[in-house]
Structures are given as C-alpha cells and as structure tokens.
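Spelled out from the first residue to the last, the chains are:
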Amino acid sequence: MELKTGLDGHAVDGQTSEIEIRLLSTSVISGQLEINDAFGHTLIPVKLSERVEKTFWQAVTVEQNKSIIVRWIPEHGDIIEKQLLVDHSQTALTIISRSIPLKLTLDKNPPSVAITPVILSTQNLPHTPQAYAGIEAFITAPQTLSSLSKDQYLALSDYLSSCNILLLSTVEQPLLKRLKDFSGCSGRFIQSYETLEQIPQILATLKGRRSAQTPSADEMTLAGQKQFQQQMLSSIVLYLTGYILFIILLTWFIKKTQYQLLIPLIVAGAGILAWSGEGSQQLISWVEAESGDNHVINSSLLFLGGNRSGDNSISLNTTSRLSSGMKQAQQPQINYQQNLTSRVLTVKSQLLSPQTFKLTSISTQSLPFELKIQQDLPKIITFEDSIADKALLLWRGQTYDIPSLTPGTSWQPDETMGKSAVSPAEKLLLSRLAFDAPAILMPFTPNYSGVISSNLQHTGWLVIRHQPEWL
Amino acid sequence: MMSQQRQALTLSIIYSIPLLIWLTTQLQFIEWSHFYLQPLFRQLFSTLLLLQTLCITLLSLNRVDRQWSQDALGIIHIILFPLPFVALTWLTGSVNLNTIISGLLLISLIGALGILSRISIDFLAAGLKPLKIIPPFVSITLAILMWNFRHLWMNWLEL
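What comes next is a walk through the structure. (Residues numbered from 1 in each chain as written. Chains lettered and ligands numbered in written order. Predicted model: local features only at pLDDT ≥ 70, side-chain atom pairs only at ≥ 80, totals over all residues. Heavy atoms only, no water.)

1. Observations regarding the sheet that holds strand E11 (residues 117-120) of chain A
All names here are of chain A.
- Reading across from one edge, E11-E10-E12-E13-E14 is the order of the five strands in this open sheet, with parallel pairing throughout. The sheet is open, and its two edges are formed by E11 and strand E14 (190-192), each paired on a single side. Sheet twist, expressed as the average angle between the axes of neighbouring strands with direction ignored, equals 20°.
- In this structure, strand E13 (residues 165-168) lies alongside E14, joined through three bridges in parallel fashion. Of the residues in E14, the one forming a bridge with leucine 167 is glutamine 191.
- On the sheet, helix H3 (residues 150-161) packs against strand E12 (135-140), E13 and E14 and is oriented at approximately 120° with respect to E12. (Pairing = 2+ DSSP bridges. Helix = DSSP H or I, 4+ residues; strand = E, 2+ residues; numbered from the N terminus. Axes fitted to C-alpha atoms, helices over the stretch in contact; angles between N-to-C directions. Contact = heavy atoms within 4.5 Å.)

2. Observations regarding the sheet that holds strand E25 (residues 398-401) of chain A
Residues and elements named next belong to chain A.
- Across the sheet, eight strands lie side by side as E18-E21-E16-E15-E29-E27-E24-E25; this open sheet has mixed pairing. Only two strands of the sheet have a single partner each, and these edge strands are strand E18 (321-324) and E25. Direction aside, the axes of adjacent strands within the sheet are offset by 20° on average.
- In this structure, strand E27 (residues 439-443) lies alongside strand E29 (residues 456-465), joined through five bridges in antiparallel fashion. Bridge pairing links isoleucine 440 to isoleucine 464 in E29.

3. Points about the pairing of strand E1 (residues 2-5) of chain A
Residues and elements named next belong to chain A.
- Residues Leu3 and Thr5 point to one face of E1 and are all buried, whereas Glu2 and Lys4, pointing to the other face, are not buried.
- Bridging between E1 and strand E3 (residues 16-24) involves four bridges; their strand directions are antiparallel. Across the sheet, the residue bridging to lysine 4 is glutamate 20, located in E3. (Buried < 20%, exposed > 50% of the residue type's maximum accessible area, 1.4 Å probe, protein only.)

4. With respect to the side chain of asparagine 124 of chain A
All names here are of chain A.
- Mapped onto the elements of the fold, asparagine 124 is located in the loop between E11 and E12.
- Taking relative accessible area as the criterion, asparagine 124 reaches 15% and is therefore assigned buried.
- For asparagine 124, the residues in contact, after removing those within four places along its chain, are Lys4, Leu7, Asp8 and Gln152.

5. Comments concerning the packing of aromatic side chains
- Under the definition given, this model contains eight aromatic pairs over all chains.
- Pairing tryptophan 395 of chain A with tyrosine 400 of chain A gives two aromatic rings, centres 6.5 Å apart and planes at 45°, and the pair type is tilted. Like tyrosine 400 of chain A, tryptophan 395 of chain A is buried.
- Clustering of aromatic rings is evident, with ring pairs tying together Tyr243 of chain A together with Tyr15 and Phe81 of chain B.
- Its guanidinium or amino end placed over the ring of tryptophan 147 of chain B, arginine 150 of chain B lies 3.9 Å from that ring's centre, counting from NZ or CZ. (Phe/Tyr/Trp six-rings, centres within 6.5 Å; stacked < 30°, edge-to-face > 60°. Lys NZ or Arg CZ within 6 Å of the ring centre and 35° of its normal.)

6. Here we look at the interface of chain B and chain A
- Listed by partner, the interface residues are 33 residues for chain B and 38 residues for chain A.
- Carbon and sulfur atoms supply 76% of the area that chain B and chain A bury against each other, a total of about 3100 Å² over both sides.
- The three residues of chain B that bury the most area against chain A are Arg6, Trp32 and Leu91 of chain B, which together make up 24% of that side's buried surface.
- Scanning the region where chain B abuts chain A turns up four residue pairs in polar contact (both at pLDDT 80 or more).
- Looking at the side of chain B that touches chain A, the elements with two or more residues in it are helix H1 (4-29), helix H2 (34-61), helix H3 (68-80) and helix H4 (83-91) of chain B.
- When grouped by side-chain class, the residues that make up the side of chain B that touches chain A number 21 nonpolar, eleven polar and one charged. (Buried area = accessible area lost by both parts, 1.4 Å probe. Polar contact = N/O pair within 3.5 Å; in protein donor to acceptor, adjacent residues only side chain to side chain. Nonpolar A, V, L, I, M, F, W, Y, C, P; charged D, E, K, R; others polar.)

7. Things to note about the packing of helix H5 (residues 97-124) of chain B against helix H6 (residues 134-148) of chain B
Residue and element names in this part refer to chain B.
- Axis separation between H5 and H6 bottoms out at 8 Å; the angle between their running directions is 160°. By the angle between their directions, the pair H5 and H6 is classed as roughly antiparallel. Once H5 is placed against H6, the crossing between them reads as right-handed. Contacts from Leu106, Ile107, Ile110, Leu113, Gly114, Ser117, Arg118 and Ile121 in H5 reach Ile134, Pro135, Val138, Ser139, Leu142 and Met146 in H6.
- Looking at the contact of H5 with H6 residue by residue, the classes come out as ten nonpolar, three polar and one charged. (Parallel < 35°, antiparallel > 145°, perpendicular 65-115°, else oblique. Left-handed = near helix turned anticlockwise from the far one by under 90°.)

8. With respect to unusual backbone geometry
Residue and element names in this part refer to chain A.
- Backbone geometry places aspartate 8, a non-glycine residue, at a positive phi of 55°.
- Along the chain, aspartate 8 falls in the loop between E1 and strand E2 (10-12).
- For leucine 352, which is not a glycine, the phi torsion comes out positive at approximately 75°.
- Here leucine 352 shows up in the loop between strand E20 (342-349) and strand E21 (355-364).

9. Structural notes on the environment of serine 146 of chain A
Residue and element names in this part refer to chain A.
- Structurally, serine 146 is set in helix H2 (residues 142-146).
- With a relative accessible area of 64%, serine 146 lands in the exposed category.
- When the C-alpha positions of serine 146 and asparagine 298 are compared, they lie 29 Å apart, and in sequence the two are 152 residues distant.

10. Some details on a nonpolar patch on the surface
All names here are of chain B.
- Together, Leu54, Leu58, Leu61, Ile140 and Ile144 make up an exposed nonpolar region whose accessible area comes to about 430 Å².
- For the nonpolar patch, the element with the most residues is H2, which contributes three residues.
- Topologically, isoleucine 144 is positioned in helix H6. (Patch = residues over 30% accessible without salt bridge, like charges linked within 9 Å, V, L, I, M, F, W, Y side chains within 5 Å. Areas by Shrake-Rupley, 256 points an atom, 1.4 Å probe, with all protein chains shown as cover. Salt bridge = Lys/Arg side-chain N within 4 Å of Asp/Glu carboxyl O.)

11. Focus: the pairing of E25 of chain A
Residue and element names in this part refer to chain A.
- Where strand E24 (residues 392-395) meets E25, four bridges bridge the pair, whose relative direction is antiparallel. For leucine 394, the partnering residue across the bridge sits in E25 and is threonine 399.
- Linkage of E24 to E25, two consecutive antiparallel strands, is achieved through a turn of two residues, within which arginine 396 is found at a positive phi near 50°.

So, in structure tokens, the structure goes:
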C-alpha cells in the first residue's frame, strides 16, 4: 500500500483535500480500506485479483495537528497502517500549473492581494471535486486542460460550475467560449491574460466580484430548525407536567401511597422507550442559481436524529460533498458500498441534539424564471406553468408576491406593494443580497440532493439571483 | 396527619414545579447544540441530587411515623420521584448510567445514614429524650456537607 497527499501535500485547515491510495496485490485479496481523518471514519470495500494495481483518490478533511491514518484491513492477514501529514494553510490556495512561471513574478513583485500559490504538475491536479474546496483560483495553460484524466476533468467541471476562478494564458476565443458555456455564472470567472504581471490585478478584480457563497450551516439552521425545537420542547414539557400532575392527583386521592412508587419507574421507562431508537432525518436545501444559468448550487443541511437517542443511518450519493455542519459530538462512520457509487453515513445522536452535516452538490437544471432589470425595475419572465403560487421577489429590503403567470408572460413589481420579510428564509436571503440586487425565492424540493432515503423530511428553497451586468 | 410517604411526595412535588419552569425557560432560550444542552442537563442532575438531600433532611425534621420502615419508604419516594427528569438527562447523553447510579446511591447512603442514626437512638437510648435530636442533627450535618463539598462529589460524579 502506498499513500500520497493530493495538491502536493498542501491543504486548507478545516477543508477537504484528497489523498492517493495505491494498492498492489501479489495474490487475490479482499478487505477494507479504513481512512481516519478530521471528519470521521471511512470504510471502502476492496477486492483485487492477483497482480493488480488499483489507485483510489479519496477526499479527506484536514485539520491542524491531526494526521490522516489509513489502514488496510484484509479479511485474512496482517493489518497495514500508514499515516500522512499535510502542510496546513489558513487561507485559500491558488493552483498554478507548473508550466506557468508565475512564482518568479510574484517573488519579484509581491501582489497587493494575498495569494497562496501551490504549483502543480498536470498529474497532481485534483482528481475529486472535494479537493477543490480550499481553492480560490486556478491559473493554467490551455494545453494542460487537454491532457487531464477523466476524473480530473470531471472535478474541474464541478469547480467551474460553482462560479470559481480560472485564468488561462493566451487562449483562442472559440476554446474560451466553449469553457464559458459549460461553466457557472455564464463563465464570467473564466478569463485569459496576456502577461504574467496582469494576473494579480485580474485575480483581485474577480475575487471582489464573486457573489456570496451559499449560506453557512448556522444561517440555514435558523431558517429551518425552529419548528423541530418547538415540537420537542412541547413534548418534553407535556411529559414532565403530565407526570407531576398525575402524581399530585394520586397523592390527593389514593391512601396507600406505596403504590405510587411504581409511577416514576413506569413514566421514566415510557420516556426511555419513546425517545430511543433511530431518529428522524431532515434535509433543508438552499438551491442557488443565477438567472439564465443552467448550473444550480445545492447546499443542504442534513439533520440526523435529535427527536430520539440512538444510531442513525442514511444512504448518500458519492458525488455530493459531505462536511460537518457544526461541531459534532461524535465523528461519523461512512461505509462505501461495493460499487463505490453510494455510501452509508452512520452516527449516534442524542435526544435534542441532532447530528448535522452539510451536503454540497452541483447539478444542471433549467430554471422556471428569468430575472432581468428593465427601466430600473426587476422584470420576471416565466417559463413554466403553475409554479409561481408561493414565489416571492425580494428587492431593496422588501418582498413582493409574484402572481400566477402563464408561460412566456412577464411581470414587474409595483413598489407600493412591497412587504417586510416575514419568514426566516426571506430574512436570510435579504441579509445576503446587495440593496439594489433583486432575487426570486420560492419553496423548492430539488430532484437531486445526494440523499437516498424514504424516511426523509425535505424542506427547500430555490433562489434565482439577478445576473450582474459585467462580462 | 400526613404520613411520612405523603410528606416525601409533597416535598418532591414542591421542588419539581420550579425545576420544570427553570428547565423549560432554559430550553426556550439557549441554542440547541450539545455544547449548551449537555451542561444544562448535567446542572439539572446535580441540582436534583442537592434537592433530594434537602428533602431527606426536611423529612427527618418532621417525623410523624415512629416506624423506621415508613422512614425508608419516604426516602425511596424521594429517590424515585425525579426518575423521569433523570431519564431525560440520560437520553440527552449528558450523563452516563454509572454517574446516575452513583448519584442515586449517594442519596440512598445519606438517607440510610439518617435512618441508621434513628434506629440506633431508638434501640440504644430509648429513654433519653435529649438524644432524640441526634437523627435530625445527622441529617442536617449531611445536607450541609453535601452543599459545602458539592464540588468534590460533582467532580467525582463527573458532573
């Protein structure tokens, strides 16, 4: 077993990176790869025939002073254990292809904006979408892109779909257009440069123009968890109040009080029975897209348990990025299935404290509305029927009910009809919008959330932002 | 006149109502994450142990039954009454089963010492009236010790 860190051993603290695990079998082997990182405990089943070399690129979460431990646990034979350490960075990284001699330029003329460069050869570029989590910009030559492996290409597509920065050395316009076409935010963050000296300035401009990232776990919790807390608080208060009232009644009416010794035992037992076992599974999705874009960024918060105390399991797709939503009481265990396309997340949760995970994924989806600005007023054009019932336009700190529109028709708000934000989702979106920037908010359950479960309660919102007018 | 058991139940009901109001208020206003919930429920459990000690002391000060078995039943009522609160504390993962058992054993020990002192006085010095203040004195002393050395036993119980 051989191990190698991705991104040439660099990683951003608390973010996902990747490691390469290479297995070489001398005979027929089967067993499990166990990976322990800052996030939790991952198990990958492996079966190899004789004299086969297999390479896994596995996403790992990195934290300072915590090494990554990889164990090969064969069905028969000795366990092999190896450790990996990475260079930690507190700031986001900028990947620079080895063919671009930018390091010398940066050393000679330190840029006004902080750039943490990581110089990588083509084969060391990320193989998993998760490895791009700590990357803020990628500077490369068009030739490098043509020699990427399939995994690297898919990971880069995911990175570009999320409106991330790519700078290319002199590139032909048709290729640049093709790249922009399949990227998010209409490809505004893919630019070419002519001289190396231009790069810091272009990077500073693009970074400044990036819209806010998807809401944090705390913000999304506020938007969706209040109902759970109210339900649990009511049930606890009813349970304890009911018990006390029952004891008061019995003390009042029953002469032989020794029989009452059983009541606390029965009530405590009933409480333990009712609040033990597999808990609920709740997913709160926040899906954001720019008007006219086909890429939607789905950021979901998965709550496991909380209404009961016990083990919780859920199946997840491997393509969604999984991270800890908040500081976990217990690290999860992730069991990859034999086909490596799904994984089972298992975690123990306690009563009132659900375990929270953040799932991020990119998908392609046509949007029901187009949002434009016409004569200083937002203009909404609808493409689909009967979806506008609960859709709202948020603009200049006010919310406007969007009326039911037939496909192809448009609507502009009357400024006197604006209302104050009421729901937590409206307040959250308004806090993330620039004053003059309009956005549409509507209840929405995405087709693709990366979770495979029949027991899932799903709440979601779709946000369509107005596309800024700069290209 | 109220029996020893009925007194024990009344005392338990009296402390449980403000405790329930306090718990509800805390749950309404704190952030629901294990960082805040677990210390809250640990605090609930240690408060319960202190209140149980206080109830045992009050029970010994107002003794209505001469039978020690009635005393014992009263103390069992005091120990068992808050079990639904304790069950909730355990379900939130704030305390483990060992801590709960040790805590309840500590209260049982305090109750048992009070009863033992009473039995000893009844058997050994039945005629000496001034000695009858010894059992309540023992209970009060134990309650004072519980309060004074609360950091010590809370530390031992990992609360």
